[in-house]
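Topology and contacts: notes
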Amino acid sequence: MEKQIINTQNAPAPIGPYNQAIKAGNTLYISGQIALNPATGELVKSGVVDETHLVMKNLQAILTEAGMSFNDVVKSTIFITDMNTFAQINEVYGSYFTGTYPARETVQVSALPKGVNVEISVIAVKG
């Protein structure tokens, strides 16, 4: 199966040996996104709500580049550093979906890249 690299200027450039996303057939695997502003490269650290909105906007930009939307997301993984912020993150996350929500897990971790509070990755399938 052929793999297609998906990259967009509207989401942060990778900061390591990976791509923003890989499309294999009709399935898109998006790498974990953090609250990096793609225009400035600045990290948003003004609170978990603002961070989560930017993470979701970064995911949306990659989905759009691949010709997909949040309606195509079938699986997401949310990594957070404090389970006490889950309700705030969940409210923002949920606002980006309409109709059927994807399968998901949320995992508390001890640390995330660049000291952020939330990182989200998704898998999408174009039907």
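Described in the following lines is the structure provided in the data block. (Residues numbered from 1 in each chain as written. Predicted model: local features only at pLDDT ≥ 70, side-chain atom pairs only at ≥ 80, totals over all residues. Heavy atoms only, no water.)

Bringing the sheet that holds strand β1 (residues 3–6) into the picture now. Reading across the sheet, the six strands line up as β1-β2-β3-β6-β4-β5 and stay open at both edges, with mixed pairing between neighbours. The strands lining the two open edges of the sheet, one partner per strand, are β1 and β5 (103–108). The mean inter-strand angle of the sheet, taken between neighbouring strand axes irrespective of direction, is 15°. Note that strand β4 (residues 73–80) and β5 share six bridges and pair parallel. (Pairing = 2+ DSSP bridges. Helix = DSSP H or I, 4+ residues; strand = E, 2+ residues; numbered from the N terminus. Axes fitted to C-alpha atoms, helices over the stretch in contact; angles between N-to-C directions.)

With that out of the way, let us pick up the nonpolar core. The tendency in soluble globular proteins is for nonpolar side chains to be buried side by side. Of all hydrophobic cores here, the largest spans 29 residues; its most connected members are Leu-28, Ile-30, Met-56, Leu-59, Leu-63, Phe-70 and Ile-120. Of all the secondary structure elements, the ones that give two or more residues to this core are β3 (27–33), α1 (48–65), β4, α2 (86–94) and β6 (118–125). With eight residues, the top contributor of residues to this core is α1. (Core = buried A, V, L, I, M, F, W, Y, C linked by side-chain atoms within 4.5 Å. Buried < 20%, exposed > 50% of the residue type's maximum accessible area, 1.4 Å probe, protein only.)

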